[in-house]
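# Tertiary structure, described
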Amino acid sequence: MNPDRPGTSSGDGLSKPPWGRIAAWLIASHVFIYGLAYLSVYCLPRISTDVSRRPLDLFCHWDANWYLRIARDGYLPTKDGMLSSAFFPLYPLLMRLAAFLCHDLRLAGYLVSNACLYGGWVMLWKLVGGADRSADTADRPVLFFLFNPVAFFYSTIY
């Protein structure tokens, strides 16, 4: 028994996060999210001509283009005078470092985003599990975080 908390044992398994279970949830949520995105490109009428059907381009919109440009070229002004200096340099730097492994900046951006996301989920699990000392209670916020309606933003290039 844990003397600090009656009714709990010190060896209840919450000292180490369930790496495999969180990775399985990550894979399941991404299969669901990317599957919906891929199907939506084919099922919905084409509203715009800039929608690509390639899997790496499904979530490569908005600020992702800025981060890709910074990782590729650095902080240079665009042809129309827009500046990229509003974006912090750590994320493009990590993308550029990851691109040495996979040789594609978009894939590197997805890898960096998902690695940071996985680490955030593990920290969230430890934070909630450390406060309550219950694996079921620690699992719920991670699952809610993974499968909420805007969860696709967490694994895009942002």
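Within any chain, residue numbers begin from 1 and follow the written order of that chain's sequence. Predicted model: local features are reported for residues with pLDDT of at least 70 only, side-chain atom pairs are reported and counted for 80 or more only, and whole-chain, interface and lining totals are derived from all residues. Calculation of side-chain values draws on the structure's entire complement of heavy atoms; hydrogens and water are dropped beforehand.

### Quick notes on helix 3 (residues 90–102)
A helix here means a DSSP run of H or I that spans at least four residues, while a strand means a run of E at least two residues long, and both kinds are numbered starting from the N terminus. In this analysis, the expected span of each helix is defined as 1.5 Å times one less than the number of residues it contains. Over its 13 residues, helix 3 extends 19 Å from the first C-alpha to the last, a length consistent with the 18 Å expected when each residue adds 1.5 Å. Every buried residue of helix 3 is accounted for by Tyr91, Pro92, Met95, Ala98 and Ala99. For helix 3, the buried positions fall inside an angular range of 125° around the axis, keeping them on one side. Exposed positions of helix 3 whose direction lies more than 90 degrees from the buried face are Leu90, Phe100 and Leu101. Only protein chains enter the accessibility calculation, which uses a 1.4 Å probe; a residue is then buried when its area is under 20% of its type maximum, exposed when over 50%, and partly exposed in between. Directions from the helix axis toward the C-beta atoms define the arc.

### Side note on the packing of aromatic side chains
Stacked, tilted and edge-to-face are the three classes applied to pairs of Phe, Tyr and Trp rings, where Trp contributes its six-membered ring and a pair requires centres within 6.5 Å; stacked means planes under 30 degrees apart, edge-to-face means over 60, and tilted covers the rest. On inspection of all chains with the given rule, the structure shows 2 aromatic pairs. For the ring pair Tyr67 and Tyr91, a centre distance of 5.1 Å and an interplane angle of 80° mean the geometry is edge-to-face. Highlighted residues: Tyr67 in helix 2 (residues 63–73) and Tyr91 in helix 3, separated in sequence by 24 residues. We note that Tyr67, like Tyr91, is buried. Ring geometry for Trp121 and Phe145: centres 6.2 Å apart, planes at 85°, overall edge-to-face. Here the residue Trp121 occupies a position in helix 4 (residues 105–132), and Phe145 occupies one in helix 5 (residues 135–146), the gap between them amounting to 24 residues.

### Brief notes about the packing of helix 2 against helix 3
Here an axis means a line fitted to C-alpha atoms, over the contact stretch when the element is a helix, while the angle between two N-to-C directions is reported on a 0 to 180 degree scale. Where helix 2 contacts helix 3, the axes come no closer than 8 Å and their chain directions differ by 65°. Between helix 2 and helix 3 the crossing geometry is right-handed. Between helix 2, through Tyr67, Leu68, Ile70, Ala71 and Arg72, and helix 3, the contact on the second element is made entirely by Tyr91, Pro92, Met95 and Arg96. Each residue receives one of three labels: charged for Asp, Glu, Lys and Arg, nonpolar for Ala, Val, Leu, Ile, Met, Phe, Trp, Tyr, Cys and Pro, and polar for the others, Gly being one of them. Here the contact of helix 2 with helix 3 is built from residues that sort into 7 nonpolar, no polar and 2 charged. Helix crossings are classified by the rotation of the near helix relative to the far one: an anticlockwise turn of less than a right angle makes the crossing left-handed, while a clockwise turn makes it right-handed. Two residues qualify as a contact provided that any one of their heavy atoms is within 4.5 Å of a heavy atom in the partner residue.

### Some words on a nonpolar patch on the surface
Residues Leu90, Leu93, Leu94, Leu97 and Phe100 make up a contiguous nonpolar surface patch of roughly 510 Å² in combined accessible area. Here Leu90 is to be found in helix 3. Each patch is built from residues lacking any salt bridge and having more than 30% relative accessible area; the joining distance is 9 Å for like charges and 5 Å for nonpolar side chains (Val, Leu, Ile, Met, Phe, Trp, Tyr). Accessibility throughout is a Shrake-Rupley quantity obtained with a 1.4 Å probe, and a residue counts as covered only by protein chains that appear here. Think of a salt bridge as a Lys or Arg side-chain nitrogen and an Asp or Glu carboxyl oxygen that are within 4 Å of each other.

### Things to note about the confidence of the model for the chain
Per-residue confidence from the predictor is reported as pLDDT, a score between 0 and 100. Of all residues in the chain, 76% attain a pLDDT of 70 or more, and the chain-wide mean is 76. When pLDDT is averaged over each helix and strand of the chain, the minimum, 79, is found for helix 1 (residues 19–43) and the maximum, 90, for helix 3.

### Some thoughts on the nonpolar core
The definition of a nonpolar core used throughout is a set of buried Ala, Val, Leu, Ile, Met, Phe, Trp, Tyr and Cys residues joined through side-chain atoms within 4.5 Å. Of all hydrophobic cores here, the largest spans 21 residues; its most connected members are Cys60, Tyr67, Leu68, Tyr91, Met95 and Ile157. If you list the elements that add at least two residues to this core, you get helix 1, helix 2, helix 3 and helix 4. The leading source of residues in this core is helix 2, at 6 residues. Among residues more than four places away in sequence, those in contact with Tyr67 are Phe87, Phe88, Tyr91, Pro92, Met95, Ile157 and Tyr158. Counting residues in hydrophobic clusters, the runner-up holds 12 residues, among them Ile22, Trp25, Tyr118 and Val128.

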